[in-house]
Amino acid sequence: MTRMTLQGSERGAPKGARAVRPAAATERLEVTVVLRPQEMTQWQERVSRLERGERPQHLSREAFARVHGASDADLNRLGVFAAAHGLTLVARDAARCSAVLSGTVAQMNQAFGVELWDFEHPAGTYRGIQGPVQLDPELQDIVVAVLGLDNRPQARPHFRIRTGRPRRSRAVPPRAASFTAVQLATLYGFPAGTGAGQCIALIELGGGYQPADLRAYFDALSLAVPTVVPVSVDHAGNAPTGHPNSADGEVALDIEVAGAIAPAATLAVYFAPNTDAGFYDAVTAAVHDTVHRPSVISISWGGPEPSWSAQALRAMDQAFQAAAAVGVTICVAAGDNGASDGAAGGVYEVDFPASSPHALACGGTRLTATASAIASETAWNDGTPAAGATGGGVSAVFALPAWQQGLHTTDPQGARQPLARRGVPDVAADADPRSGYQVVVDGISTVFGGTSAVAPLWAGLIARINAAGGPSAGLLTPLLYGHPKALRDITRGNNGGYRASVGWDACTGLGSPVGTRIAALPGA
């Protein structure tokens, strides 16, 4: 039997990691096998029309599953493969173009032609692969990715806690130069509304929320606590740690910001393991959820493009394209580590999944305001890596989208270069912890910043717009690039590698929202 290498399945060890021993042969694990969609020509044409700014009718989730979901034939071929190698077919989902297989390390090694090892890293131990995935002949033309063999943490949350001693209190702290999400919605001119009838999906890769925190937060805003529904993905669930600077901070920030802006929307919180498989499974669970039917997804987690395998990038972007086809907008935080995204040695990198051309990448600003109006807004850059700066730059992976043709980047010295590949971010909003968001998490009233707050802020705006009637916004980027005056252009500041300038820039994108103008756009 001649096997073929699955392109992009190699995954090198991160800096500081070392292989210490083969993984225990009897250890059990689950992997997600991502399959090709059906009707690829029709799929590509539909996505191309959306990318060109056309507004074809969105497919229903049920229609998408019939037309573009994985075929029964492909799923059956995967089932035969699993049985031949002693693996258990745990789940198969045509709409999500994936199936979950379970087995031991020894079985996975044999089935996929890899060697699974235990690795030690300063941040913790993980299981990784030696060598690329090898596919049996019956799978070679149908498999997009095999995720979950490697279980290292795939992403990090993009929030920052404002320095200073937080207060253990059930009331939101009245701090100057910080804002509630309700105040920011007013400053950014959001249209009136509550998001009634909409569902906002929140992707969480750890941590959890405390109902008492939500009651304290929304009581302080004189709002009813929104309907929050935890959704378990890959055996994960709402699991608060009791530490505000853990993933709990991310979960609380997402719920409180989105819920304050769209208090009548349902907030479906998809909890998944922080692995490439968990991240993919959470996104596809939200995109194809026929129970809660979210119209917008907020993602505040990500990692530098080089930290992802090529197959995982490919699979996630395929999931984002499916979201566009069914009319779901995906808002993604652009990162909090400036133009380097945390890389050393003067290297510039962008964060994924924000760099997907099918995401609305959300960068950060620093905001000052009077009681009723914005006084100034600049690119967020606190000047040190620990303090943070808005992510932004140029993808090394994704081609230049049609709606970014003719744009330029500008470095801090003013030198301009034509934008050659996908530029990040698309939009921005307040993210500096010095002008941050008042939150309550694990019994602590404090102020958070980070582009993590910008994604749910934009998601709340889109939920309000969708609730006003008409088709859901879906892939919003081409529309916004075609109408840049619907945003507040940010022309001052930098992120350590790029400078804010007139028009689009690689710090704040097109700018911060002017909500009523965006709501008035044709097709919004």
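This is a predicted model, so every value here is computed, not measured. (Residues numbered from 1 in each chain as written. Predicted model: local features only at pLDDT ≥ 70, side-chain atom pairs only at ≥ 80, totals over all residues. Heavy atoms only, no water.)

What to know about the overall build of the protein
Along the backbone of the protein there are twelve helices and 30 strands. Computed over C-alpha atoms, the radius of gyration of the protein comes to 22 Å, within 12% of the 24 Å expected from 2.2 N^0.38 for 524 residues, which places it in the range of a compact globule. Counted over contacts in the protein with a minimum sequence separation of 6, partners at least 24 positions apart contribute 79%. Seen as two clouds, the 40 positive and the 44 negative side-chain charges of the protein have centres 5 Å apart. (Helix = DSSP H or I, 4+ residues; strand = E, 2+ residues; numbered from the N terminus. Rg over C-alpha atoms; globule rule 2.2 N^0.38 Å. Contact = heavy atoms within 4.5 Å. Lys, Arg positive; Asp, Glu negative; His and termini not counted. Charge placed at Lys NZ, Arg CZ, Asp CG, Glu CD.)

A short note on the sheet that holds strand S17 (residues 301–304)
Strand order in the open sheet formed by three strands is S10-S17-S19, and the pairing between neighbours is antiparallel. Where the open sheet ends on each side, the last strands, each with one partner, are strand S10 (156–157) and strand S19 (351–352). Where S10 meets S17, two bridges bridge the pair, whose relative direction is antiparallel. Within S17, the position partnered with Arg156 by the bridge is Gly302. (Pairing = 2+ DSSP bridges.)

Quick look at the pairing of strand S21 (residues 374–379)
As judged from the five bridges shared by strand S20 (residues 360–369) and S21, these two strands associate in the antiparallel manner. Bridged to Thr365 within S21 is Ala379. Between S20 and S21, which follow one another and run antiparallel, lie four residues.

Observations regarding the nonpolar core
If you look at the biggest cluster of nonpolar residues, it comprises 76 residues, and the most contacted ones within it are Ile200, Ile255, Cys331, Leu457, Trp458 and Leu480. A total of ten residues in this core trace back to one element, the largest contributor, which is helix H10 (residues 451–467). In this view, Leu457 contacts Leu184, Tyr188, Phe190, Val257, Ile261, Ala429 and Tyr437; residues no more than four positions away in its chain are not counted. Counting residues in each nonpolar core, the second largest holds 53 residues, with Tyr280, Val328, Ile330 and Ala361 among its members. (Core = buried A, V, L, I, M, F, W, Y, C linked by side-chain atoms within 4.5 Å. Buried < 20%, exposed > 50% of the residue type's maximum accessible area, 1.4 Å probe, protein only.)

Details of helix H4 (residues 105–112)
Residues lying three or four places apart along an α-helix face the same way, a consequence of the helix completing one turn every 3.6 residues. What H4 keeps buried is the set Val105, Met108, Ala111 and Phe112. One face of H4 carries all of its buried residues, which in axial projection span an arc of 130°. On its buried face, H4 is in contact with strand S3 (28–35), helix H3 (72–84), strand S5 (98–104), strand S6 (115–121), strand S8 (134–135) and strand S9 (143–147). The first or second residue beyond H4 is Gly113, which carries a positive phi of 65°. (Arc of directions from axis to C-beta.)

Focus: the packing of aromatic side chains
In this structure the tally under the stated criterion is eleven aromatic pairs. An aromatic cluster is built from Phe279, Trp308, Phe352 and Phe398, whose rings are joined through pairwise contacts. (Phe/Tyr/Trp six-rings, centres within 6.5 Å; stacked < 30°, edge-to-face > 60°.)

Side note on the packing of helix H6 (residues 211–220) against helix H7 (residues 247–261)
Interhelical geometry of H6 versus H7 gives an angle of 40° and a closest axis separation of 11 Å. Judged on the interaxial angle alone, H7 and H6 are oblique. Seen along the crossing, H6 lies across H7 with a hand that is right-handed. Of H7, the residues touching H6 (which contributes Asp213, Leu214, Tyr217 and Phe218) are Ile255, Glu256, Gly259 and Ala260. (Axes fitted to C-alpha atoms, helices over the stretch in contact; angles between N-to-C directions. Parallel < 35°, antiparallel > 145°, perpendicular 65-115°, else oblique. Left-handed = near helix turned anticlockwise from the far one by under 90°.)

Things to note about the environment of Gly406
Within the secondary structure, Gly406 is located in the loop between strand S22 (393–399) and strand S23 (408–410). Since its relative accessible area comes to 61%, Gly406 is described here as exposed. Between the C-alpha atom of Gly406 and that of Trp43, which follows or precedes it by 363 residues, the distance is 27 Å.

Remarks on the confidence of the model for the protein
Across the protein, pLDDT averages 94, with 97% of residues at or above 70. Scored below 50 in pLDDT, residues 165–176 shows 36 contacts in the model against residues more than four places distant or in partner chains. (pLDDT = per-residue confidence, 0-100.)

Overview of H7
A rise of 1.5 Å per residue sets the reference length of H7, with its 15 residues, at 21 Å; its end C-alpha atoms lie 22 Å apart and thus fit the reference within 8%. With respect to burial, H7 is a largely interior element, 15 of its 15 residues being buried. (Expected span 1.5 Å × (residues − 1).)

Overview of the side chain of Arg160
With respect to the helices, strands and loops of the structure, Arg160 is situated in strand S11 (residues 160–161). It turns out Arg160 is buried and unbridged, and the closest side chain with the opposite charge, Asp336, is 4.1 Å from it. (Salt bridge = Lys/Arg side-chain N within 4 Å of Asp/Glu carboxyl O.)

Examining the sheet that holds S9
The strand order across the open sheet built from four strands is S4-S5-S3-S9, with neighbouring strands paired in antiparallel fashion. The open sheet has two free edges, formed respectively by strand S4 (88–93) and S9, since each of these has just one partner strand. Sheet twist, expressed as the average angle between the axes of neighbouring strands with direction ignored, equals 20°. Of the strand pairs in this sheet, S3 and S9 are connected by four bridges, and their pairing is antiparallel. Bridge pairing links Val33 to Val146 in S9. Across the sheet, H3 touches S3, S4 and S5, and the angle it forms with S5 is around 0°. Set on the sheet, H4 makes contact with S3, S5 and S9; between it and S5 the angle comes to about 125°.

With respect to the pattern of salt bridges
Tallying each qualifying case throughout the model produces 22 salt bridges. When the shortest N-O distance is used, the salt bridge between Asp141 and Arg77 registers 3.0 Å. Taken together, the residues Asp141 in the loop between S8 and S9 and Arg77 in helix H3 connect sequence positions 64 residues apart. Residue classification places Asp141 among the partly exposed residues on the basis of a relative accessible area of 47%. Accessibility expressed as a relative area gives 27% for Arg77, which makes it partly exposed. A salt bridge links Arg422 to Asp426; the nearest nitrogen and oxygen atoms lie 2.7 Å apart. Overall, the relative accessible area of 0% leaves Arg422 in the buried class. With a relative accessible area of 0%, Asp426 lands in the buried category. Sharing partners across several salt bridges, the network here consists of Arg11, Asp150, Arg152 and Asp276.

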